[in-house]
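Summary of structural features
Take a look at the letters that make up each chain.
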There are 2 protein chains.
Amino acid sequence: MNFPASWLPISESSDFSLANLPFGIFSHASQPPRVGVAVGEYIIDMTAAAQLGVFDQAEVAVSVFEQSTLNALMNGGRAQASRLRTILQHELTTPNSTLHQAADRVLVRQKDAHMHLPVAIGDYTDFYSSLEHATNVGKLFRPEQPLMPNWKHLPVAYHGRASSVQVSGVPVRRPFGQVLPAGADAPVFIPTQALDYELELGFLIGKNSISGRPIRLEEAEDYIFGFVLVNDWSARDIQRWEYQPLGPFLSKNFATSISSWVVTYDALLPLRVFGPEQTPRPLPHLADEGAHNFSIQLEVAINPADAEPSIFCQTNARHLYWNVRQQIAHHTSSGCNLRVGDLLASGTISGPEPNGHGCLLEQTQAGKIPVNLQDGNQRIYLHDYDEVIMRGYGVQPQGRVGFGEVRAQILPANENP
Amino acid sequence: MNFPASWLPISESSDFSLANLPFGIFSHASQPPRVGVAVGEYIIDMTAAAQLGVFDQAEVAVSVFEQSTLNALMNGGRAQASRLRTILQHELTTPNSTLHQAADRVLVRQKDAHMHLPVAIGDYTDFYSSLEHATNVGKLFRPEQPLMPNWKHLPVAYHGRASSVQVSGVPVRRPFGQVLPAGADAPVFIPTQALDYELELGFLIGKNSISGRPIRLEEAEDYIFGFVLVNDWSARDIQRWEYQPLGPFLSKNFATSISSWVVTYDALLPLRVFGPEQTPRPLPHLADEGAHNFSIQLEVAINPADAEPSIFCQTNARHLYWNVRQQIAHHTSSGCNLRVGDLLASGTISGPEPNGHGCLLEQTQAGKIPVNLQDGNQRIYLHDYDEVIMRGYGVQPQGRVGFGEVRAQILPANENP
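Note that the coordinates shown come from a computational prediction; the quantities given were computed from them, not determined experimentally. The written sequence of each chain sets the order in which its residues are numbered from 1. Working convention: letters from A go to chains and numbers from 1 go to ligands, in the order in which they are written. This being a predicted model, a pLDDT of at least 70 is required before a residue's local features are given, and a value of 80 or more before pairs of side-chain atoms are given or counted; all residues contribute to the totals for chains, interfaces and linings. Heavy atoms throughout the structure, all of them, feed into the side-chain values; hydrogens and water do not.

Section: helix α10 (residues 324-332) of chain B
Since one α-helical turn is 3.6 residues long, residues separated by three or four positions face the same way. Rule in force here: Each residue is assigned to one of three classes by its accessible area relative to the maximum for its type, calculated with a 1.4 Å probe on protein chains only: buried under 20%, partly exposed between the two thresholds, exposed over 50%. Numbering of helices and strands runs from the N terminus, with a helix taken as a DSSP run of H or I at least four residues long and a strand as a DSSP run of E at least two residues long. By definition in these notes, contact holds between two residues if any of their heavy atoms fall within 4.5 Å. Pairing of N or O atoms within 3.5 Å defines a polar contact, subject to two protein rules: one partner must be a possible hydrogen donor and the other a possible acceptor, and residues neighboring in sequence count only if both atoms are side-chain atoms.
Buried residues dominate α10 of chain B, accounting for 9 of its 9 residues. Taken as a whole, α10 of chain B has its buried residues at Val 324, Arg 325, Gln 326, Gln 327, Ile 328, Ala 329, His 330, His 331 and Thr 332 of chain B. Those residues of α10 of chain B that are buried are in contact with α8 (250-253) of chain A together with β6 (124-127), β13 (199-205), β14 (224-231) and β22 (343-345) of chain B. Where α10 of chain B begins, the side chain of Asn 323 of chain B points an oxygen toward the backbone nitrogen of Arg 325 of chain B, at a separation of 2.9 Å.

Below, the structure is given as structure tokens:
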């Protein structure tokens, strides 16, 4: 089916078509943060809409929308969120609907609103699911054996830091850290000289699982509420010195930025595509069938303080080797439980495209080859005041389904560490 | 000063002397979980005591005690918890005090109560701070270079899983996982054959820090609420296959057990001792002076289903190379923020004693040398229905300050993974 035209003007190039309707937390004027839904250039104030009775048939308490996080809404399950979106689609396409008549009270321009971190994140897990990324990075450090022996048998992952996940727009302070200078045998404590971004897609858990009870592949989608765009900031020089033998720690935990808008799993379903063939075939609990990847066009731009943004990377999430069902089945195969609000991210997404490198470590071959910005500047790693802008969207017949952007500017390191 | 005798009989061998008074969450009869304080064989029902006006001068709302976690209490800061303990010490040593007169209503026998996870844990960080442990484990895998070059320059750590932290007494299901059989080139998915414990001390954050603002060594103690005993369960065969290049994941995230009782930082202060000399001297932001280790006697026992407990390990937390101030200073040196409820653990504690190995991996030299139980049984790794019991306490002139125990039994793996 196609939606009838909305009484609200929605540009065809908007990420927030009627087919999308992502959830977020916004505030405007002097009101406290609360749940909103993006459509075109507007935010629907869900509290105001609920108070008008718009969602009465969905039987959702108004208080669910008066929260400063989406957790209570997510806890209501995918089916409830789906009902809310269906009601909004109907309201937005019906002339003189309740929403239409109360548009003045219910709609807030996005440019007038302030966006907040949408979710209270419990645990944050970061995967390493792009074959191109793992191969490109592996080649830099282990040319003879780029992929570890385990890589094609399980979706490698590590636990990240939840406290420092922040919403798009919040700047990132260049971190200090221990770095081993070339040829030295003792480290120095300096601001990172190798600050990098990582282009990722993340998804948020919308249902608690039971400790000791693995989630099977075919159940996994019940546990997914929606997706966000993720920039997993990384300090490569700090990482190189600290990561043996227990993995990255301070090189990653100073900040992770996510998009303001959570695109529901249901809105992404029309973008499903088959993923790459998996050879060797994974063990039975991870051997998946069907189209469970998503065709989401991704790009990264760097915006220097004194110039226009240059697009550095263009790729697509469809290339990811391990899909989200496999990630959930693997994560819980030990009996580890998932909770509402947990964030699971893909790891850096790189593709086969010549400019499909999802981080500077890859693009510059570990700092050896500078990349040119459109304004003539060059970059190996990020400079102070550079702003990194990531965008992601899919296109399907009923409209564009996008994340908006995740953006953040680099601030100089503290003067006194 | 010494405390006068209490009107409540407290055994000299009790972990819960007047000098301790640790906090926990308990329930009994049909009442909901709430805050309690352990003393001798009893729990002081803090809600009941507050309702009697016992804490009026501390100006703590009764609702702080009616919670199912300690987070609200911890958020009130160390000084508030200290005032509460001082009032309790006075009440417990004053004949006919309010608490004494209402003892029937306020005191619950520990054996009649059910203990709950004391804290809603935000992020869980696990360090690797025992030199003996890192050296012993390193020798098994890299005899020529047991310690990584970074080890003496920073307290190595990784992010753990908060969702699966559980309270003492909750059993642990033997996890399934991918394991590479000897000589094979592809893994199998089986119940772990190398289930291990790790003896650790953990501490809980009681004050939010600011993102981008490192905590200096001399400020670090302001952020510590108290300590727990930790068993960081590990599956060594799963760990060996999965951990490259991003560190342990499923081999650790199926369960972590902590003690029911949170011993306040203030109660541990009389147990302070100097730690080992640090050579080379750490960089300035980690170079600490003074006595910041704790003399806490630790032991691990295994209790097979059909026998008596055998003590496997006896050591002391004083041997830890990196202290908690250094752990906090390092953790936040990148700008990473800490939040009330975060758990930071020491990593496996081993000491120089002949039986001072804090895990079976070390004690059995990676599964090569079985250890003998007192009943004649042997163990390489844990069997189904084995119960692991850890205890920890310090002794000072005013009484014993202990954690009670952290115990859990191993249940067989699921039949259908």
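Considerations on the interface of chain A and chain B
Here is the rule we go by: Two parts placed together each lose some accessible area under a 1.4 Å probe, and adding up what both lose gives the buried area. By convention in these notes, a salt bridge is any Lys or Arg side-chain nitrogen within 4 Å of a carboxyl oxygen on Asp or Glu.
If you look at the interface, chain A gives 55 residues, while chain B gives 55 residues. Roughly 5,300 Å² of surface becomes buried between chain A and chain B when both sides are summed, with 59% attributable to carbon and sulfur atoms. The largest contributions to the chain A side of the interface with chain B come from His 159, Leu 246 and Phe 249 of chain A, which together make up 15% of the buried area. In this structure, the connection of chain A to chain B is made through 4 salt bridges. As a salt-bridge pair, Asp 342 of chain A and Arg 161 of chain B come within 2.7 Å of each other at their nearest N and O atoms. At the surface where chain A touches chain B, the tally comes to 29 residue pairs in polar contact (both at pLDDT 80 or more).

Quick notes on the sheet that holds strand β2 (residues 34-39) of chain A
All names here are of chain A. Here is the rule we go by: DSSP bridges decide pairing: two strands pair if at least two such bridges lie between them. For every element, the axis is a line fit to its C-alpha atoms; helices are fit only across the contacting stretch, and the angle between N-to-C directions ranges from 0 to 180 degrees.
Across the sheet, 5 strands lie side by side as β4-β3-β2-β1-β5; this open sheet has antiparallel pairing. Whereas interior strands pair on both sides, the edge strands pair on one side only; in this sheet they are β4 (107-109) and β5 (114-116). Ignoring strand direction, the axes of neighbouring strands in this sheet form an average angle of 50°. Looking at chain direction, strand β1 (residues 23-27) and β2 are connected through 4 bridges and run antiparallel. Across the sheet, residue Gly 24 finds its bridge partner in β2, namely Gly 36. With respect to the sheet, helix α3 (residues 78-93) is in contact with β1, β2 and β3 (42-45), its orientation differing from that of β1 by roughly 70°.

What about the pattern of salt bridges?
All names here are of chain A. For the coordinates displayed, the defined rule picks out 48 salt bridges over all chains. Residues Arg 34 and Asp 45 are paired through a salt bridge, measuring 2.9 Å at the closest nitrogen-oxygen approach. Separated by 11 residues along the polypeptide, Arg 34 in strand β2 and Asp 45 in strand β3 bring together distant segments of the chain. By relative accessible area, Arg 34 is classed as buried at 5%. For the salt bridge of Arg 325 with Glu 221, the shortest nitrogen-to-oxygen distance reads 2.6 Å. In this pair, Arg 325 sits in helix α10 (residues 324-332) while Glu 221 sits in the loop between β13 (199-205) and β14 (224-231), placing the two residues 104 residues apart along the sequence. The class of Arg 325 is buried, set by a relative accessible area of 9%. Using a relative accessible area of 12% as the deciding quantity, one classes Glu 221 as buried. Put simply, Asp 196, Glu 198, Asp 232, Arg 236 and Lys 252 are held in one network by salt bridges that share partners.

Digging into the relation of the copies chain A and chain B
In this arrangement, two copies of a chain are superimposed by a rotation about an axis accompanied by a shift along the axis. As a reminder, the rule being used: A least-squares superposition brings the copies together, and it is based on the C-alpha atoms of residues with pLDDT no lower than 70 in both.
Placing chain A over chain B gives an RMSD of 0.0 Å and needs a rotation angle of 180°, together with 0.0 Å of translation along the axis. When the rotation and shift are considered jointly, the pair of chain copies conforms to a two-fold rotation axis. Residue Gly 247 of chain A, judged by its C-alpha, is the member of chain A lying nearest the rotation axis, at 2.2 Å. In this assembly the copies share their binding face: 100% of the residues contributing to the interface of chain A also contribute to that of chain B.

A closer look at the environment of Ala 329 of chain A
Residues and elements named next belong to chain A. Tracing the backbone through its elements, the reader meets Ala 329 in helix α10. Sequence separation between Ala 329 and Gln 244 is 85 residues, and the spatial gap between their C-alpha atoms is 27 Å. Dropping the residues within four chain positions of it, Ala 329 is found in contact with Ile 215, Leu 217, His 285 and Leu 286.

Comments concerning the pairing of strand β21 (residues 310-316) of chain B
All names here are of chain B. Taking burial as the measure, the 7 residues of β21 include 5 buried ones, the bulk of the element. Sheet topology note: the strand β20 (residues 297-303)/β21 ladder contains 6 bridges and is antiparallel. In the strand pairing of β21, Glu 299 is matched with Gln 314. Count of turn residues in the β20/β21 antiparallel hairpin: 6 residues.

Digging into the environment of Ala 29 of chain B
Following the sequence through the fold, Ala 29 of chain B ends up in the loop between β1 (23-27) and β2 (34-39). Ala 29 of chain B sits 85 residues away from His 114 of chain B along the chain, and the two C-alpha atoms are 9.0 Å apart.

As for the UniProt feature "active site" (unreviewed entry) in chain A
Residue and element names in this part refer to chain A. Our working rule: UniProt positions are given in the numbering used here, feature names are shortened, and annotations may be inferred rather than shown by experiment.
The feature "active site" (unreviewed entry), as given by UniProt, occupies His 133 in the numbering adopted here. With respect to the helices and strands, the residue His 133 is situated in helix α6 (residues 131-141). Look at His 133 and you get buried, because its relative accessible area is 4%. The contacts of His 133, once residues within four sequence positions are left out, are Tyr 128, Thr 348, Ser 350, Cys 359 and Glu 362.

Some words on the sheet that holds strand β25 (residues 387-396) of chain B
Pairing is mixed in the open sheet, where 5 strands are placed in the order β9-β26-β25-β20-β21 (chain B). The outermost strands of the open sheet, each flanked by one partner alone, are β9 (172-173) and β21 of chain B.

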